[in-house]
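Here is what each chain is made of, one letter per residue.
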Protein chains: 2
Amino acid sequence: MKKGHQITMKEIAKKLGVSVSTISRALKDSPELHPETKRKIVEMAKEMNYQPNLLAQSLRISRSKTLGVIVPEITSHFFASCISGIQDAANKRGYNVMICQSNESLEQEKANIRTLVSSQVDGLLISLSRETNQYEHLYDLYDREINFVLFDRVQEDIPVSKVTFNDAGGAYQVVKHLLENGSRRIVYVSGPEDLYISKKRKEGYQKALSEYGIELDAALIKVSDLTTEGNVKVAAEIAEMQPRPDAVFCMIDPVAVDVLTEWKKLGVKVPEDIALAGFTDNPTAAVVEPPLTTVSQPGYEMGKLAVSHLLDQLDGIASEDPISIVLETTLVSRKSSQHF
Amino acid sequence: MKKGHQITMKEIAKKLGVSVSTISRALKDSPELHPETKRKIVEMAKEMNYQPNLLAQSLRISRSKTLGVIVPEITSHFFASCISGIQDAANKRGYNVMICQSNESLEQEKANIRTLVSSQVDGLLISLSRETNQYEHLYDLYDREINFVLFDRVQEDIPVSKVTFNDAGGAYQVVKHLLENGSRRIVYVSGPEDLYISKKRKEGYQKALSEYGIELDAALIKVSDLTTEGNVKVAAEIAEMQPRPDAVFCMIDPVAVDVLTEWKKLGVKVPEDIALAGFTDNPTAAVVEPPLTTVSQPGYEMGKLAVSHLLDQLDGIASEDPISIVLETTLVSRKSSQHF
DNA sequence: CTGTTAGCGCTTTCAC
DNA sequence: GTGAAAGCGCTAACAG
């Protein structure tokens, strides 16, 4: 089974005794063409099952009508939702999408950018890896005037458009909810501290506490490396804290799920002993026992918006000045937070 | 912010006062080149930050080094795993990947094939949509000698390579497990009956029953359309069956999760009243209460294998004759099946 | 060892 | 209205 032969304009031209340029014109519905020849050509093209060679077309017009996407992990439900939104929105506007995953590695992220740029994508949508703590590769894109927008995992200082969630706001919502339910000693389980979301969600946590006149207690901030082992370790530490905290807010759902699982082993009951909340509203959050209170983030929407804005920039519809789009999150209150 | 200018070979050539072909040769490390010129060129290319234009290259050599992937849904954890495996394996062999989702629609599937073929992918990896019950578009690919392999959701009659799970075997494993645990009246909740996996898993179900000398009872076969509503309806029907079955085997985990959730509302206890099992080992399966007995399918592996085989065919390493690769599944026994 | 030439499939002036 | 010709960036004979 070898690569089959694709029909080209040349062949249609020969068959019809006209020139390739006429074929090209007919197929893009140029007005300065005899309706009859046009009809004939379109018909023949259909009959011969002609499919344009997008490669040649792109090379010629130096626009590939393809966007590049880089996410840390495709298997994460949240990023999969983003991708889904990106695909749909891009296709609707006639663009294809090439997706890459960085596997949370800076090197891989750079490599992905390189191949996507080589592939002549018209623009990039990037969500940074956890490892990414230097940004030359992004400034490099910027210097080369290659369009890109950052989404979810962004770097604040780079002067490009960004789509993010109101992370601080979401954290504020959920911590306020815990406070309203009577909790006062509330632990925040953070990820690595230089992560954008670690910082933003901590901000929300602090704001909610201070509104209730509670001073920040460094002992109540736990940091996990976000591996299962790390999460389990934190869970065990919390279980042994004296006095036991009233509630725990985990930066992301998977941490909360790991904590919950570990506590079951240790005999710590949720929400009776401690209230628990996460962030993201992963599919697992709804089905664990007890169902997990969390904050939902519309990933599909985020993907759609990021694409729209990128394409608006490419098409010159949107201003060239970078903007920041902030999506609101919604509190999803479930049983895990009904402590009192 | 406009599309930036990319350095071309021509520019390097001019700067160095040599011809483009020399540049081309140097950059692909041709042996018939003066080491010194080669060194100079490579150095200059690096300095000018040259990135090859893959579009031009592909057009020239009529090989895009890109594979197309079509999955029903990116947000499904299983397919996301497959994609992840596909990406990793393809990149390792120097290929890029364009991913599309059919959203379980035949029309979308056809459209995806069209754009991927237009994009000159060297081969396709396809998992069919649920709606796909006619196959001209696949035979068309076949006739045009475009390489593709089917994975997971396959059509058996098409003479191309396929990668599947031993679905019948997996179903057999889990039903046998239910039988060993003492269940005798076992319900099978199927998806639409023309789906490949509906049939295959039913086969395994039947085989296990017949080994235990149990005759097939049509009343114990339930069909869901796989929407939440459909699953809930089936759950309610089962709850009212007289006599109540001992166990329920659902074709896929999401069905089992929906059934479990509905039964909680109806007061049916798992595993005390009825044992429950699913198939796929979604992340949710491990965290529901009680944890769900299921069958795990290595999606990442499947993706890797599908790519390897496709590329082997493209590179002429593998024979052109289609083969069928069957992956084994493993039973994951959890609490939901401990009925007796 | 290196340059010249042709051409991948397509679009787009510029002629007629 | 339609054709001829040039060229997008690259590779690969073919010369020398």
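It should be emphasised that the depicted structure is a prediction, and the values quoted were computed from it without experimental measurement. (Residues numbered from 1 in each chain as written. Chains lettered and ligands numbered in written order. Predicted model: local features only at pLDDT ≥ 70, side-chain atom pairs only at ≥ 80, totals over all residues. Heavy atoms only, no water.)

Caption draft 1: Local environment of the overall build of chain A. Scanning chain A from terminus to terminus reveals 13 helices and 12 strands. Its C-alpha radius of gyration of 26 Å places chain A more than 25% over the 20 Å reference for a compact globule of 340 residues. Classification of the 340 residues of chain A by burial places 56% in the buried group. Within chain A, contacts between residues separated by at least 24 positions form 72% of all contacts whose residues are at least 6 apart in sequence. Summing over all exposed atoms, chain A offers an accessible surface of approximately 14600 Å²; the carbon and sulfur share of this is 50%. Computing the positive centroid from 39 side-chain charges and the negative centroid from 46, chain A places the two 8 Å apart. (Helix = DSSP H or I, 4+ residues; strand = E, 2+ residues; numbered from the N terminus. Rg over C-alpha atoms; globule rule 2.2 N^0.38 Å. Buried < 20%, exposed > 50% of the residue type's maximum accessible area, 1.4 Å probe, protein only. Contact = heavy atoms within 4.5 Å. Areas by Shrake-Rupley, 256 points an atom, 1.4 Å probe, with all protein chains shown as cover. Lys, Arg positive; Asp, Glu negative; His and termini not counted. Charge placed at Lys NZ, Arg CZ, Asp CG, Glu CD.)

Caption draft 2: Here's a closer look at the sheet that holds strand β9 (residues 275–277) of chain B. Residue and element names in this part refer to chain B. Across the sheet, four strands lie side by side as β7-β6-β8-β9; this open sheet has parallel pairing. If you trace the sheet from one side to the other, it starts and ends with β7 (221–223) and β9, each paired once. Averaged over neighbouring strand pairs, the angle between their axes works out to 20 degrees when direction is ignored. Taken together, the four bridges between strand β6 (residues 186–190) and strand β8 (residues 247–250) define a ladder with parallel strand orientation. (Pairing = 2+ DSSP bridges. Axes fitted to C-alpha atoms, helices over the stretch in contact; angles between N-to-C directions.)

Caption draft 3: Inspection of the protein's contact with DNA strand C at higher detail. The environment of DNA strand C is formed by 26 residues, the closest being Tyr50 and Arg60 of chain A together with Ser21, Thr22 and Arg60 of chain B. Sugar plus phosphate: this is where 61% of the atoms of DNA strand C within 4 Å of the protein reside. Backbone polar atom of Ala56 of chain A to a base nitrogen of DNA strand C: 3.4 Å apart, as the coordinates give it. Side-chain polar atom of Thr37 of chain B to a phosphate oxygen of DNA strand C: 2.8 Å apart, as the coordinates give it. Looking at the surface near DNA strand C, the elements that each hand over two or more residues are α1 (9–16), α2 (20–27) and α4 (54–61) of chain A together with α2 (20–27) and α4 (54–61) of chain B. Counting residues per element, the surface near DNA strand C draws most heavily on α4 of chain A, which supplies four residues. Looking at the surface near DNA strand C residue by residue, the class counts come to eight nonpolar, 11 polar and seven charged. (Near = heavy atom within 4 Å. Polar contact = N/O pair within 3.5 Å; in protein donor to acceptor, adjacent residues only side chain to side chain. Nonpolar A, V, L, I, M, F, W, Y, C, P; charged D, E, K, R; others polar.)

Caption draft 4: Spatial organisation of the interface of chain A and chain B. The partner chain B presents 55 residues to the 55 residues of chain A that form the contact. For the pair chain A and chain B, the summed buried surface comes to about 5100 Å²; carbon and sulfur atoms form 51% of the total. Seen at the junction of chain A and chain B, the total is two salt bridges. The closest approach of N and O atoms between Glu289 of chain A and Lys264 of chain B, which form a salt bridge, is 3.3 Å. Counting the contacts that link chain A with chain B gives 12 residue pairs in polar contact (both at pLDDT 80 or more). Ranked by residues supplied to the side of chain A that touches chain B, first place goes to helix α5 (residues 77–92) of chain A with seven residues. In terms of residue class, the side of chain A that touches chain B is built from 22 nonpolar, 23 polar and 10 charged. (Buried area = accessible area lost by both parts, 1.4 Å probe. Salt bridge = Lys/Arg side-chain N within 4 Å of Asp/Glu carboxyl O.)

Caption draft 5: The arrangement of the state of the cysteines in detail. Applying the stated criterion to the full structure yields zero disulfides over all chains. In this structure Cys100 of chain B is a free cysteine whose sulfur lies 14 Å from that of Cys100 of chain A, the closest cysteine sulfur available. A residue is classified by how much of its surface remains accessible, and Cys100 of chain B, at 6% relative accessible area, is buried. (Disulfide = S-S within 2.5 Å.)

Caption draft 6: Geometry of the sheet that holds strand β9 (residues 275–277) of chain A. Residues and elements named next belong to chain A. In space, the four strands of this open sheet follow the order β7-β6-β8-β9, with parallel pairing throughout. Only two strands of the sheet have a single partner each, and these edge strands are β7 (221–223) and β9. Taken pair by pair, the neighbouring strands of this sheet meet at an average axis angle of 20 degrees, ignoring direction. Strand contacts of helix α11 (residues 253–266): β6 (186–190), β8 (247–250) and β9, with the helix running at about 150 degrees to β9, the strand carrying the most contacts.

Caption draft 7: Focus on the protein's contact with DNA strand D. Among the 26 residues in the neighbourhood of DNA strand D, the closest are listed as Thr22, Arg25 and Arg60 of chain A together with Tyr50 and Arg60 of chain B. Backbone sugar and phosphate groups make up 66% of those atoms of DNA strand D lying within 4 Å of the protein. Only α2 and α4 of chain A together with α1 (9–16), α2 and α4 of chain B provide two or more residues apiece to the surface near DNA strand D. Looking at which element gives the most residues to the surface near DNA strand D, the answer is α4 of chain B, with four residues. Tallied by class, residues from the surface near DNA strand D come to eight nonpolar, 11 polar and seven charged.

Caption draft 8: The nonpolar core, seen in detail. Of all hydrophobic cores here, the largest spans 132 residues; its most connected members are Ile126, Trp263 and Leu276 of chain A together with Ile126, Trp263 and Leu276 of chain B. Setting aside residues up to four positions removed in sequence, Trp263 of chain A forms contacts with Ala235, Ile238, Ala239, Val248, Val268, Val270, Ile274 and Leu276 of chain A. One finds Phe79 of chain A together with Val69, Ala90 and Leu314 of chain B within the second-largest nonpolar core, a separate group that totals 56 residues. (Core = buried A, V, L, I, M, F, W, Y, C linked by side-chain atoms within 4.5 Å.)

Caption draft 9: Representation of the UniProt feature "domain: HTH lacI-type" (unreviewed entry) in chain A. The UniProt record marks residues 7–61 of chain A with the feature "domain: HTH lacI-type" (unreviewed entry), using the residue numbering of this structure. Annotated as 67% helix and 0% strand, the span residues 7–61 of chain A places its first and last C-alpha atoms 20 Å apart. (UniProt positions renumbered as here; feature names shortened; annotations may be inferred.)

Caption draft 10: Summary view of a negative patch on the surface. All names here are of chain A. A cluster of acidic residues, Asp143, Glu145, Glu320 and Asp321, forms a negative patch at the surface. Of note, Asp143 is situated in helix α7 (residues 136–143). On the basis of relative accessibility, which here comes to 58%, the residue Asp143 falls in the exposed class. (Patch = residues over 30% accessible without salt bridge, like charges linked within 9 Å, V, L, I, M, F, W, Y side chains within 5 Å.)

Caption draft 11: Local environment of the environment of Glu36 of chain A. Tracing the sequence through the fold places Glu36 of chain A in helix α3 (residues 35–47). A sequence separation of 79 residues divides Glu36 of chain A from Thr115 of chain A, and the C-alpha atoms of the two residues are 44 Å apart.

Caption draft 12: Representation of the packing of aromatic side chains within the structure. In total, this model carries 10 aromatic pairs over all chains according to the counting rule given. Summarising the aromatic geometry, the rings of Phe249 of chain A and Phe279 of chain A are spaced 6.4 Å apart at their centres and angled 45 degrees between planes, so their arrangement reads as tilted. Here Phe279 of chain A lies in the loop between β9 and α12 (283–287) and Phe249 of chain A lies in strand β8, a separation of 30 residues in the sequence. In this pair, the class of Phe249 of chain A matches that of Phe279 of chain A, namely buried. Aromatic rings pair up to connect Tyr188, Tyr205, Phe249 and Phe279 of chain A into one cluster. Over the face of the ring belonging to Phe279 of chain B we find Arg201 of chain B, whose NZ or CZ atom lies 3.7 Å from the ring centre. Between the NZ or CZ atom of Lys207 of chain B and the centre of the ring of Tyr172 of chain B, over which it lies, the distance is 4.4 Å. (Phe/Tyr/Trp six-rings, centres within 6.5 Å; stacked < 30°, edge-to-face > 60°. Lys NZ or Arg CZ within 6 Å of the ring centre and 35° of its normal.)

Caption draft 13: Region of interest: the pattern of salt bridges. All names here are of chain A. With the rule as written, the count across this model stands at 38 salt bridges over all chains. For Lys110, the salt bridge identified is with Glu107, shortest N-O distance 3.6 Å. In this pair, Lys110 and Glu107 both sit in helix α6 (residues 106–118), three residues apart, roughly one turn of the helix. You can call Glu107 partly exposed: its relative accessible area is 49%. Ionic pairing is found between Lys222 and Glu237, a salt bridge with its closest N-O pair at 3.0 Å. Residue Lys222 is located in strand β7, and its partner Glu237 is located in helix α10 (residues 228–239); the two are separated by 15 residues in the primary sequence. Of the residues examined, Glu237 reaches a relative accessible area of 30% and is grouped as partly exposed. Put simply, Arg63, Arg93, Asp312 and Asp315 are held in one network by salt bridges that share partners.

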